[in-house]
Amino acid sequence: MLTLPRFAFLQPASLDEALDHLAEHAAESLIVAGGTDAVPNLKHRLHEPRYVVHIGRLRELHFMRHETDGLHLGPLVTLSELTRDDRVGAEFPSLAKAAGLVAGPQLRNMGTLGGNLCLDTRCTYYNQTLFWRESLGFCLKKSGTLCHVVPAGKRCVAAHSSDVAPMLIALDAEVEIASPRPRGTRRRVSVDDFFVADGIHNNVLAPGEMVTGVFVPARSRGLASGYQKLRPRAAIDFPMLSVAFAARMGGASCESARLVVSAIAARPRVITGIDELARGRPLDDAAADAIAQAAWKQCHPLINVSYDADYRREMVLVMTRRAVREARVEA
Amino acid sequence: MKGKPGRAAAGSKGAKSAPGPRGTPEIPADRMMPAERRLEPPRWPGGRSAPPGSTFAVIGKRNRKVEGLAKVTGRAIYADDITLPRMLHGKLLRSIHAHARIKSIDASAALALPGVHAVITGKDLPEYYGIIPWTQDEQALCEEKARYVGDAIAAVAADSELIAEEALRLIRVEYEPLPAAMSIDESLAHPEYRINEKAREGNISKQVRLEFGDVGAALERSDAVVEGEYWYEGSTHAPIEPHCAVADFDATGFLTLISSTQVAHYLHRDLARVLGLPTQRIRVIQPVVGGAFGGKSEAFSLEFCAAKLSMVTGRPVKILYTREEVFYAHRGRHPMRLRYRTGIRRDGTLTGTDALIHIDGGAYSSFGLVTTYYSGQLLTAPYRMGAYRFDSTRVFTNKPCCGPKRGHGSVQPRFAFECQIDKLAEAIGMDPFEVRRRNTMDSNSRTVNDLRVTSNGFLECLAAAERASEWGRKFRRLPYGRGVGMAGSMYISGTNYCIYPNEMPQSAVQLKLDRSGRATVFCGASDIGQGSDSVLAYIVCEELGLTLGDVRVVAADTDLTPVDLGSYSSRETFMVGNACLDAARKLRNDIAGVLAGEWGCPPEAVTLAGGVACSMRDPQRHAMSVRDAFQLAESRLGTLGSVGWYQSPKLGGDYRGGTIGASPAYSFTAHVAEVECDPETGRVGVKKIWIAHDCGRALSPVAVEGQMEGSAYMGFAEALMEEQVFKPAAPGHGPGLHDGPSLLDYRIPTSLDTPDLESLIVESVDPEGPYGAKEAGEGPLHPSIPAIANAIYDALGIRCDRLPFYPPAVMRLLKAGEARSRWERARAQVAPAVGAAAGRPR
């Protein structure tokens, strides 16, 4: 069996205790909630932390509140809970759908919203055992200097692979971040701004910082939306491509729209020009085609994901059309 | 093993011919088979297919599997569940190069690590081994050269797996990388690479050319000839349980090896050979196995290394492969490139077939000699082939070694050939079912390559699949994107020779009856989940009137059980079943004889069933429990026990290789697959597969259905998804890295992807099988793949001649043009008229 590396297992009793630890040992700590991604990554020696900080039992991070200003979610809300909640299903159906398309039932029972949001980027040359990566020659994301996806590249292009993140961006959601210093510091950023285009570390969390909440604003309630995930199997697989679409409808015509395509690069790509394309039009097939064309032009899948790159690019068209159509059906 | 004609043979001859020096009586002539004949099993009134009494009490019922409860409650003991006192953990160091000379190995730093007890390298286990005696080309640890990424180089024993892993990282290996061949064409183009130096020539592992009849003339005389090139991608078995072995070499010099294997007997022999121990000082135990599918049918590095490390340290050693290592151990389905030319006459008669096959074997031979023969030999039923020629070449490449996977060697050619027939049927405008019916060979006939076919239920399989799937209503009639396809096949029920030449039985059973009313069956058979333990229990219950709870099966333990060759080539039900039937029938007859004497009735009137023995003449008066019957018999006859064994008759054609493919019985299968394709994404959804399979007689229909469904599922998985492939070399790295040695990246369909599977059991009642049974574990896999390919053609007008039919490949074919018009032309063809004339149900 693949072994876990040696580490000290810490289980803080409160968020403050966790942050206190992180204030001292941020660089050598790995935060684990459900563990569905962290544990295999530990076994692959992708993380070799001195401390594994288990936050999965912190009640203060486990909440789901439907309030007038919007939906407040704790990072420990499991993907199953997000999938099954009636109001999430009614008000943000595509978010519930995206969460329900992660892996399989057992993994959704353990996997958390925060964990999915902070999911390490994935690459066919990175998510492998130590032996395999040694045979390859280590890559620049971990222990090496070379990128095997873009041989001349200096920047890691491992793929953002979260299912909930693209949908949260389409819904204009925000992330609350707690910093260990000064104690009690909180800040909020949009989920869009949470991610950066660096496959080694693809979000704005500074060492020791943690996601403490996700907020979906009330104005996103009842948006017409769709989420499409391309994957070889009907369960388990990470997205080979994902498309999240949300539009505000005024009667039959579109007032504003947002399209996010992911699993192609280190961060989700918000397709530009969609608002202009869609505004004032009904979401008919012609609109769907136009939006799909715009997405296709801006998306260039790489071989970071182990599935035919040309095919994935072609599917940007199909998945986008389907996401728009799905939104139309819902609206 | 070379035979030694000298002293041993002379000695035994002497013992047979004359009384021994102390006046030992001569063995009666009727007990001893003349040397020129094979052993013949006893003949029973009514034949082997008949029940012991008037009807079956257990056989044919939907019986539970004997080990089922232990498995589902987590009480079954697998190899990794076993922990012995003072046990160490072993790990293997593996090559990071696809092909490299090993210049030096320095393990001093590893040995210095606290908790490390031993490090061994190729020099410690230099003996070559291999499942086929003529192609022994493997070492437990590479001594001179590594031949694929993952080839084992050294082994460590340590206090824990983690320490062993850390020790591996401290072993310094100096490599000299060599050029590597990753494909059939590279291997053929570079004979100078000498990937496997045991090859007689270049990188050729085995070549077989056989011709039966005049193929050229036959194709000339055809009304239509179809040529096709097919590619079958390799795949691996992926049993849920990784390989695991626990070795214990004790202070008396006795080695016990507990291993997740499906061939305990062959492993026993190979251990003796490589470790230099006499076989009688080795005990091999197979615990409960969590699936194998052919992937555990020879000895592996971990078994030798665990044993050697135990010998070196004097402590038990366990080695458990990681999932990644299971992909490197492999022995999975060979990638094959198959070129076929097949001819047909307008009336549907197949005229001739010309096959050119290239087989990618990976770095070692494994069963490759057999694979190469099977790629041609097993195609010759259920159809009369006309003339037939095949030219098969297996080559070595710098990849994990391929071997036998469920449907060994014959799944790939079957895929190609059944697609060929579909194309031929279209070419002459005949329904694919009708073409197959018209060419189906008779029962009790011989194939073009001289295989003896006895029972044959293929026509019934065709009828069952056609009827259940409502073929006539669907074929060429479903809307664009949906379609149906069909295919047929045959497979062996065991091979007629042992892998190493000998004239001893292929299977044997010892049966012990206890005065408690309990029976214990001792048999070397290997239950890998397919149910051979259950088959043994059913047969004993049937013969002795017991219920399943009163039979214990002790299997696959070389100290306790008589030899059975193991679970491969679908041999267990047929051969073990026959051995067990004879052992049990002998005891039954003894008991019936005693009871008949007691009750004053003829022995035929004695019935044993459901725990009760009675006379059918007067069941009210003459009845007792089976336990009382056992006790009565024991008091009259002495301790109750018996043996049974099986050896197949001499079979096969009179030409070199003519016995390879010969089996005492063949199973037959027909599938219909229905697909629903998404032309926008290329995704093929298989909605349903109807599986009609002739298993002779279903000893337990629920177990047979399990094998049929599992087989169809595995074929479907290979058709759509599974592929054991490797990353190409790139500026940063050499070739030979597995594309993704994990169950995340090596994609096996989930339950959500799996089609509905409907099993249709056909029973042809084989004259030589136990109660008429034949195999069901591998045959039903074969037609899955071509049936799906043919259904995709019906749905989209594209011919999927390369596996897997995954969405990017389907999209490429759809875009290649003409697909839609081909689809329309096929529909316009009036194929069904022929079928209607043959009176097919509509």
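Residues numbered from 1 in each chain as written. Chains lettered and ligands numbered in written order. Predicted model: local features only at pLDDT ≥ 70, side-chain atom pairs only at ≥ 80, totals over all residues.

Regarding the overall build of chain B
Each helix and strand counted, chain B has 22 helices and 30 strands in total. In terms of overall dimensions, chain B is globule-like: its C-alpha atoms have a radius of gyration of 28 Å, near the 28 Å expected for 842 residues. With the principal axes as the frame, chain B shows a C-alpha extent of 80 × 75 × 55 Å. Taken across its 842 residues, chain B has 58% of its residues classed as buried. Within chain B, residue pairs in contact and separated by at least 24 positions form 81% of the contacts whose partners lie at least 6 positions apart. (Helix = DSSP H or I, 4+ residues; strand = E, 2+ residues; numbered from the N terminus. Rg over C-alpha atoms; globule rule 2.2 N^0.38 Å. Buried ≥ 20, exposed ≤ 12 C-beta atoms within 10 Å, placed from the backbone. Contact = placed C-beta atoms within 7 Å.)

Observations regarding helix α13 (residues 458-468) of chain B
Residue and element names in this part refer to chain B. Along α13, the residues that are buried comprise Phe 458, Cys 461, Leu 462, Ala 464, Ala 465 and Glu 466. In this structure, the buried side of α13 is in contact with α12 (432-439), α14 (471-474), β18 (482-492), β26 (666-678), β27 (683-694) and β30 (756-762). The positive-phi residue at the C-terminal boundary of α13 is Glu 470, with phi of around 55°.

Quick look at the interface of chain B and chain A
The accessible area lost on association of the parts is a frequent measure of interface size. Taken together, the contacts link 30 residues of chain B with 25 residues of chain A. Looking at side-chain class alone, the side of chain B that touches chain A contains 15 nonpolar, 6 polar and 9 charged residues. (Nonpolar A, V, L, I, M, F, W, Y, C, P; charged D, E, K, R; others polar.)

Description of the sheet that holds strand β2 (residues 100-106) of chain B
Residues and elements named next belong to chain B. If you walk across this open sheet you meet the 3 strands as β4-β2-β6, and the pairing is antiparallel. Strands with a single pairing partner mark the edges of an open sheet, and in this sheet they are β4 (145-146) and β6 (172-177). Two elements, β2 and β4, share 2 bridges in a ladder whose sense is antiparallel. Bridging from a neighbouring strand, Ala 100 pairs with Ala 146 of β4. (Pairing = 2+ DSSP bridges.)

Observations concerning the pairing of strand β21 (residues 551-555) of chain B
Within a regular strand, the side chains alternate between the two sheet faces. Residue and element names in this part refer to chain B. Only one face of β21 is buried: it carries Val 551, Val 553 and Ala 555, and the other face, with Arg 552 and Val 554, is open. With 5 bridges connecting them, strand β20 (residues 519-523) and β21 associate as parallel partners. The residue of β21 that forms the bridge with Val 521 is Val 553.

Some remarks on the nonpolar core
Residues and elements named next belong to chain B. In terms of nonpolar packing, the biggest core is built from 351 residues, with Val 540, Cys 580, Ile 788 and Ile 792 touching the most fellow members. Element by element, the count of residues in this core is highest for helix α16 (residues 572-599), at 13 residues. Discounting residues that sit within four places of it in the chain, Ile 788 has contacts with Gly 485, Ala 673, Val 675, Val 686, Phe 716, Ala 719 and Phe 805. (Core = buried A, V, L, I, M, F, W, Y, C linked by C-beta atoms within 7 Å.)

What to know about the sheet that holds strand β19 (residues 507-513) of chain B
Residues and elements named next belong to chain B. In spatial order, the strands read β21-β20-β19-β25; together these 4 strands make up an open sheet with mixed pairing. Strands at the two margins of the open sheet, each flanked by one partner only, are β21 and β25 (641-646). Neighbour to neighbour, the strand axes of the sheet diverge by 20° on average, direction disregarded. For β19 and β20, the ladder comprises 5 bridges, and the chain directions are antiparallel. (Axes fitted to C-alpha atoms, helices over the stretch in contact; angles between N-to-C directions.)

Side note on unusual backbone geometry
Looking along the chain, the bond that leaves Arg 181 of chain A and enters Pro 182 of chain A is cis, with omega of -15°. Looking along the chain, the bond that leaves Leu 803 of chain B and enters Pro 804 of chain B is cis, with omega of -15°. Within the fold, Pro 804 of chain B resides in the loop between α19 (784-796) and α20 (807-815). Despite not being glycine, Ser 143 of chain A has its phi angle at roughly 70°, a positive value. Structurally, Ser 143 of chain A is set in the loop between α8 (130-136) and α9 (164-170). Of note, Arg 476 of chain B is a non-glycine position whose phi angle comes to about 60°, a positive value. Relative to the elements of secondary structure, Arg 476 of chain B occurs in the loop between α14 and β18. Given 17 C-beta atoms within 10 Å, Arg 476 of chain B falls into the partly exposed group.

As for the confidence of the model for chain B
All names here are of chain B. When pLDDT is averaged along chain B, the result is 94, and 96% of the positions lie at 70 or above. A low-confidence stretch, residues 1-18 (pLDDT under 50), is modelled with 5 contacts involving residues beyond four sequence positions or located in other chains. Predicted confidence is poor over residues 831-842, with pLDDT under 50, and the contacts of this stretch with residues over four places away or in other chains come to 19 contacts. Model confidence for the complex: the whole-complex pTM is 0.96, and ipTM, which rates the interface, is 0.97. (pLDDT = per-residue confidence, 0-100.)

Topic: α12 of chain B
In terms of burial, α12 of chain B is largely enclosed, as 6 of its 8 residues are buried. Buried within α12 of chain B are the following residues: Pro 432, Phe 433, Glu 434, Val 435, Arg 436 and Arg 437 of chain B.

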